Amino acid sequence: MIGEKTFLPVIGGDLSIPMTVLNGKNPGKTGLITAGIHSEEFVGIESAIRLAGELGEEQLFGKLYILHPLNLPGFQSSIRNSMVPEDGKNLNRVFPGKKEGSLSERIAYTVMSAFSEEIDFAIDLHGGQVHEELLPHVYFLGESKEEVKGTSLLMARHCNVPYIIQSKTTSGGLYNCLSMQGVPSILLERGCQGRWSEEEVKEDLEDLKNVLRLQGMVKDGIAPALKSGEIMQNLIYVNSPYEGCWYPKKKPGEKVSLGEVLGEIRDYHGEKLWELRAEKEGHLLYQISFLSVHKDEELAVYG
């Protein structure tokens with residue numbers, strides 16, 4: 001049997017978020033999977049929809065909520081910037097939200113109030129936006145309680161990605177806020193540039209199922225696959241000091257050496273304005289892939 005196809009009403013308005021509720025035939029934990037906080041991160045959205053349609057309640061231990069997509073207004077909008085169009089806000093920066101706030105804040109508040117006290121763990125699916133290229137990676141919060149931190153890291157290690165990011169940010173995103181409230185949570189990034197593929201969706205689905213196996217919610221005879229992604233800490237986030245044209249010299253995943261030029265910004269006559277030089281060695285995680293760049297826009301991240 002497939003789960004209940006329903007909607008989560010957002011507090012204080014007419015918007016409802018597509019949701020599937022899977023009530024397992026066997027007792028177990030309660031989990032939450034979210035996708036589409038950024039409305040153009042399509043791999044995660046399709047993966048959540050696919051999982052909701054494929055995972056049968058008879059094989060499930062416990063209860064699973066799947067929201068797909070969370071930023072429904074952005075997904076339906078012709079404005080291609082992944083923000084919530086009604087207020088222009090980044091939904092991934094407003095958690096835990098406000099009951100009497102703008103639409104973004106009310107969506108965040110609705111999710112937190114509906115699930116934070118019921119669930120045992122959460123997985124938030126993301127990817128690179130239309131103007132970004134990235135290497136698949138997963139975040140967990142390093143500032144949460146040791147037990148929550150340990151479980152979140154173990155969840156991250158069951159995702160088949162090359163890098164695990166230990167974050168210090170304690171608010172703004174869903175996984176950050178849930179972790180601070182005692183719910184082990186991760187944010188999985190895969191896909192970029194407004195595209196999605198069957199291969200990427202299958203990779204997301206396998207990661208999701210591996211975490212569900214780890215949590216004892218799926219017992220299909222397949223052992224959860226523990227991966228050994230490298231842990232990154234103290235990432236360097238670089239914002240553009242100019243507007244103009246961006247010319248990257250590296251690709252996500254490539255090694256970065258101290259002092260190496262990672263790219264440059266030129267003006268509209270082709271004259272060089274600035275070079276981005278690495279402050280330490282590591283690997284490039286993601287960067288802007290557009291030619292155009294705005295002043296103060298996040299340009300590249302490495303560590």
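Rules used throughout
Residues numbered from 1 in each chain as written. Predicted model: local features only at pLDDT ≥ 70, side-chain atom pairs only at ≥ 80, totals over all residues. Heavy atoms only, no water. Pairing = 2+ DSSP bridges. Helix = DSSP H or I, 4+ residues; strand = E, 2+ residues; numbered from the N terminus. Axes fitted to C-alpha atoms, helices over the stretch in contact; angles between N-to-C directions. Contact = heavy atoms within 4.5 Å. Parallel < 35°, antiparallel > 145°, perpendicular 65-115°, else oblique. Left-handed = near helix turned anticlockwise from the far one by under 90°. Nonpolar A, V, L, I, M, F, W, Y, C, P; charged D, E, K, R; others polar. Disulfide = S-S within 2.5 Å. Buried < 20%, exposed > 50% of the residue type's maximum accessible area, 1.4 Å probe, protein only.

We now examine the sheet that holds strand β5 (residues 121-126). On the basis of which strands lie adjacent, the open sheet formed by nine strands has the order β1-β2-β4-β3-β5-β9-β7-β8-β10 and mixed pairing. For this open sheet the edge positions go to β1 (4-9) and β10 (230-232), each flanked by a neighbour on one side alone. Here the strands of the sheet are splayed against their neighbours by 25° on average, with no regard to which way each runs. Contacting β1, β2 (16-23), β3 (26-35) and β4 (61-67), helix α3 (residues 103-115) crosses the sheet at an angle of about 120° to β1.

Here we have four strands laid out as an open sheet, ordered β15-β14-β12-β17, and antiparallel in their pairing. Among the strands making up the open sheet, the edge pair consists of β15 (272-277) and β17 (292-293). With four bridges connecting them, strand β12 (residues 244-248) and strand β14 (residues 261-266) associate as antiparallel partners. Within β14, the position partnered with Cys-245 by the bridge is Arg-266.

This part covers the packing of helix α1 (residues 42-54) against helix α6 (residues 198-214). Each packed pair of helices is defined by two parameters, the angle between the axes and the distance between the axes. In contact at an axis separation of 9 Å, α1 and α6 are set at 60° when each is read in the N-to-C sense. Taken together, α1 and α6 sit at an angle that is classed as oblique. When you trace α1 past α6, the crossing you get is right-handed. Counting all contacts with α1, which are made through Val-43, Gly-44, Glu-46, Ser-47, Arg-50, Leu-51 and Glu-54, the residues of α6 involved are Glu-198, Glu-200, Val-201, Asp-204, Leu-205, Leu-208 and Lys-209. Here the contact of α1 with α6 is composed, by residue class, of five nonpolar, two polar and seven charged.

Looking now at the state of the cysteines. Per the counting criterion, the structure on display carries zero disulfides. Free of any disulfide, Cys-192 has its nearest neighbouring cysteine sulfur in Cys-159, separated by 18 Å. For Cys-192, a relative accessible area of 14% puts it in the buried group.

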